[in-house]
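Report on the structure
Residue-level listing of the chains:
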Amino acid sequence: MRSEKDTIRVIEQYSDMIRRICLLHLKNQTDTEDVFQEVFLKYVLSSQPFESAEHEKAWFIRVTLNTCKDFLKSLFRHPTVPFDVLSEEAARVEPENLEVLEAVLCLPQKYKTALYLHYFEGYTAKEIGMLLNKKENTIYSLLSRGRELLRRELGGNSNE
C-alpha cells in the first residue's frame, strides 16, 4: 500500500491527464469521476515499484485506459429504472406505450422483469440471463410466455 505522501504527489502530478483521458473515452463528467477515483484507488492498493517517472506515467495511462474500457463494457451502464419508480416515470412514457407498460407491470414478477429489461431497457436475452442468473434459453421462454400473457391482457389475437 502506498504512503499518503506518494498518493498526494501522484494526484497532483497526474490528475489532469487522467481526467482528460477519461473524458475523451467516457464523454461525461460523472463517469469520469468514478473512473478517476478507481484509478487512484488501484494506485494506492498496488505495491508495484516503478523504474522511472516515465514508467509510472505509462502505468497510469494504461490503467486509466483499461479502467475506461472495463467501465464501458459493464452491463450496468445500461440505463435502468427501479420497478418501484416506474409508476412515477409512466407519466413520461409515450401514450401508445403507456398501456403496454401498465400491462407489463401487472404481469407476474418473472415475466415482468424479463419483458421490461428487454423491451424498455434494451437488454438482450443473454444480458438478461447474466443479470438474473438464468440460462439464456430460460429468458427466451420467459419472454415468449410473457408476450402471450400480454396479448391476452391487451386483448390481442393469440394462438388459442
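Scroll up for the structure.
Read on for a plain summary of the structure.

The rules behind the values
- Residues numbered from 1 in each chain as written.
- Predicted model: local features only at pLDDT ≥ 70, side-chain atom pairs only at ≥ 80, totals over all residues.
- Heavy atoms only, no water.
- Helix = DSSP H or I, 4+ residues; strand = E, 2+ residues; numbered from the N terminus.
- Buried < 20%, exposed > 50% of the residue type's maximum accessible area, 1.4 Å probe, protein only.
- Contact = heavy atoms within 4.5 Å.
- Areas by Shrake-Rupley, 256 points an atom, 1.4 Å probe, with all protein chains shown as cover.
- Axes fitted to C-alpha atoms, helices over the stretch in contact; angles between N-to-C directions.
- Parallel < 35°, antiparallel > 145°, perpendicular 65-115°, else oblique.
- Nonpolar A, V, L, I, M, F, W, Y, C, P; charged D, E, K, R; others polar.
- Phe/Tyr/Trp six-rings, centres within 6.5 Å; stacked < 30°, edge-to-face > 60°.
- Expected span 1.5 Å × (residues − 1).
- Polar contact = N/O pair within 3.5 Å; in protein donor to acceptor, adjacent residues only side chain to side chain.
- Core = buried A, V, L, I, M, F, W, Y, C linked by side-chain atoms within 4.5 Å.

Structural notes on the overall build of the chain
Across its full length, the chain holds 8 helices and 0 strands. Shown N-terminal to C-terminal, the secondary structure of the chain runs as helices and strands in the order α-α-α-α-α-α-α-α. For the chain, with 160 residues in total, the buried portion stands at 34%. Taking as baseline every contact in the chain between residues at least 6 positions apart, the subset at least 24 positions apart corresponds to 59%. If you sum the accessible surface of the chain, you get close to 10,600 Å²; carbon and sulfur atoms cover 52% of it.

A closer look at the packing of helix H6 (residues 109–120) against helix H8 (residues 136–154)
The interhelical angle for the contact between H6 and H8, taken along N-to-C directions, is 100°, at an axis separation of 9 Å. Between H6 and H8, the angle falls in the class roughly perpendicular. Where H6 abuts H8, its residues Lys 110, Tyr 111, Ala 114, Leu 115, His 118 and Tyr 119 lie against Leu 142, Leu 143, Arg 145, Gly 146, Arg 147, Leu 149 and Leu 150. Partitioning the contact of H6 with H8 into residue classes produces 8 nonpolar, 2 polar and 3 charged.

Things to note about the packing of aromatic side chains
Counted by the stated rule, this structure contains 8 aromatic pairs. Taken together, a centroid distance of 5.6 Å and an interplanar angle of 45° make the contact between Phe 40 and Phe 60 tilted. With Phe 40 in helix H2 (residues 29–45) and Phe 60 in helix H3 (residues 53–73), the pair connects residues that are 20 residues apart, well separated along the chain. Per residue, the accessibility class of Phe 40 equals that of Phe 60, and both read buried. Each member of the aromatic cluster is reached from another via a ring pair, and the members are Tyr 14, Phe 36, Phe 40, Tyr 43, Phe 50, Trp 59 and Phe 60.

Topic: H2
With 17 residues, H2 ought to run about 24 Å at 1.5 Å a step, and its terminal C-alpha atoms sit 24 Å apart, in line with that. Its buried side turned inward, H2 meets helix H1 (4–26) and H3. Of the residues that open H2, the one with a side-chain oxygen 2.9 Å from the backbone nitrogen of Thr 30 is Asn 28.

A short note on unusual backbone geometry
The phi dihedral of Lys 27 falls on the positive side, at around 60°, and the residue is not glycine. Topologically, Lys 27 is positioned in the loop between H1 and H2. Taking the relative accessible area as the measure of exposure, Lys 27 reaches 65% and is therefore exposed. At Asn 133, a position not held by glycine, the phi torsion is positive, near 60°.

Side note on the side chain of Thr 32
Positionally, Thr 32 belongs in helix H2. Only 2.8 Å separates the side chain of Thr 32 from the backbone oxygen of Asn 28, close enough to count as a polar contact.

Side note on the nonpolar core
Ranked by internal contacts, the top residues of the largest apolar core, which has 20 residues, are Ile 18, Val 35, Tyr 43 and Phe 60. Contributing elements (two or more residues each) for this core: H1, H2 and H3. Top contributing element to this core by residue count: H1, with 7 residues. Leave out the neighbours within four places in its chain, and Ile 18 touches Phe 36, Val 39, Phe 40, Phe 60 and Thr 64.

A few points about the packing of helix H7 (residues 125–132) against H8
Two quantities define a packed helix pair, namely the angle between the helix axes and the distance between the axes. As a packed pair, H7 and H8 sit with axes 8 Å apart at the nearest point and diverge in direction by 105°. Put simply, H7 runs roughly perpendicular to H8. In this structure, H7 uses Ala 125, Lys 126, Ile 128, Gly 129 and Leu 132 to contact H8, whose residues at the interface are Glu 136, Ile 139 and Tyr 140. When its residues are assigned to classes, the contact of H7 with H8 shows 5 nonpolar, 1 polar and 2 charged.

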